[in-house]
Amino acid sequence: MKIAEMDLVFELRKRNEKALCLLIDIYGGLIKSIIRKHVQQPDACDECMDDILFSIWNNIDKYYEEKNSFKNWVVAIS
């Protein structure tokens, strides 16, 4: 895991809202591309993005560095 990912996970676990902005900056494009593959209605994409970010925020304590990379975990949630 990269240092930036470790810091991001650490800050998300502390419920730092700025970390959520960083999450969007780093992984927002990836999440949006996954959404576009599975959601046919363009107006539903924003709501889907919000749901995914909310799931990451609420389940960050269930992420284990030993099992997977953070990027792969984000993709699985997406």
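Below you will find a few notes about this structure. If you're wondering where the values come from, they're calculated on a predicted model, not measured in any experiment.

Thresholds applied
- Each residue is numbered by its place in its chain's sequence as written, counting from 1.
- Predicted model: local features are reported for residues with pLDDT of at least 70 only, side-chain atom pairs are reported and counted for 80 or more only, and whole-chain, interface and lining totals are derived from all residues.
- Working from all heavy atoms in the structure, the side-chain values ignore hydrogens and water.
- Exposure above 30% relative accessible area and no salt bridge define the residues that can form patches, which grow by joining like charges within 9 Å and nonpolar side chains of Val, Leu, Ile, Met, Phe, Trp and Tyr within 5 Å.
- Accessible surface area values rest on a Shrake-Rupley calculation with a 1.4 Å probe, where residue burial reflects the displayed protein chains alone.
- We define a salt bridge as a side-chain nitrogen of Lys or Arg found within 4 Å of a carboxyl oxygen belonging to Asp or Glu.
- Two residue types count as positive, namely Lys and Arg, and two as negative, namely Asp and Glu; His and chain ends fall outside the count.
- Throughout, a charge is located at the NZ atom of Lys, the CZ atom of Arg, the CG atom of Asp or the CD atom of Glu.
- Helix numbering and strand numbering both begin at the N terminus, where a helix is a DSSP run of H or I of at least 4 residues and a strand a DSSP run of E of at least 2.
- Each residue gets one of three labels from its accessible area relative to the maximum for its type: buried under 20%, exposed over 50%, partly exposed in between, using a 1.4 Å probe on protein chains only.
- Any pair of cysteine sulfurs within 2.5 Å is marked as a disulfide.
- Put simply, buried Ala, Val, Leu, Ile, Met, Phe, Trp, Tyr and Cys residues joined by side-chain atoms within 4.5 Å make one nonpolar core.
- By the convention used here, residues are in contact when the closest approach between their heavy atoms is within 4.5 Å.

1. Focus: a negative patch on the surface
Part 1 of the reasoning: Taken together, the side chains of Asp43, Asp46, Glu47, Asp50 and Asp51 make up a negatively charged region of the molecular surface.
Part 2 of the reasoning: Here Asp43 is to be found in the loop between α2 (17-38) and α3 (45-59).

2. Quick look at the pattern of salt bridges
Part 1 of the reasoning: Applying the stated criterion across every chain, the model contains 2 salt bridges.
Part 2 of the reasoning: Among the ionic pairs, Lys14 bridges to Glu11, the shortest N-O distance being 3.4 Å.
Part 3 of the reasoning: For Glu11, a relative accessible area of 22% translates into the label partly exposed.
Part 4 of the reasoning: Note that Arg13 is salt-bridged to Glu65, the shortest N-O span being 2.9 Å. Taken as a pair, Arg13 in helix α1 (residues 3-13) and Glu65 in the loop between α3 and α4 (70-77) lie far apart in primary sequence, 52 residues in all.

3. Some details on unusual backbone geometry
Part 1 of the reasoning: At Arg15, a residue that is not glycine, the phi angle is positive and equals roughly 65 degrees.
Part 2 of the reasoning: With respect to the helices and strands, Arg15 occurs in the loop between α1 and α2.

4. Considering the state of the cysteines
Part 1 of the reasoning: Evaluated as defined, the whole model comprises 0 disulfides.
Part 2 of the reasoning: As a non-bridged cysteine, Cys21 has Cys48 as the owner of its nearest cysteine sulfur, 19 Å distant.
Part 3 of the reasoning: Unpaired in terms of disulfides, Cys48 finds its nearest cysteine sulfur in Cys45, a separation of 7.1 Å.
Part 4 of the reasoning: When its relative accessible area of 24% is taken as the criterion, Cys48 is described as partly exposed.

5. Considerations on the nonpolar core
Part 1 of the reasoning: Ranked by size, the top nonpolar core spans 19 residues in total, and within it Leu23, Ile31, Phe70 and Val74 carry the most contacts.
Part 2 of the reasoning: Secondary structure elements with two or more residues in this core: α1, α2, α3 and α4.
Part 3 of the reasoning: Excluding its chain neighbours within four sequence positions, the residues that come into contact with Val74 are Leu23, Tyr27, Ile31 and Ile56.

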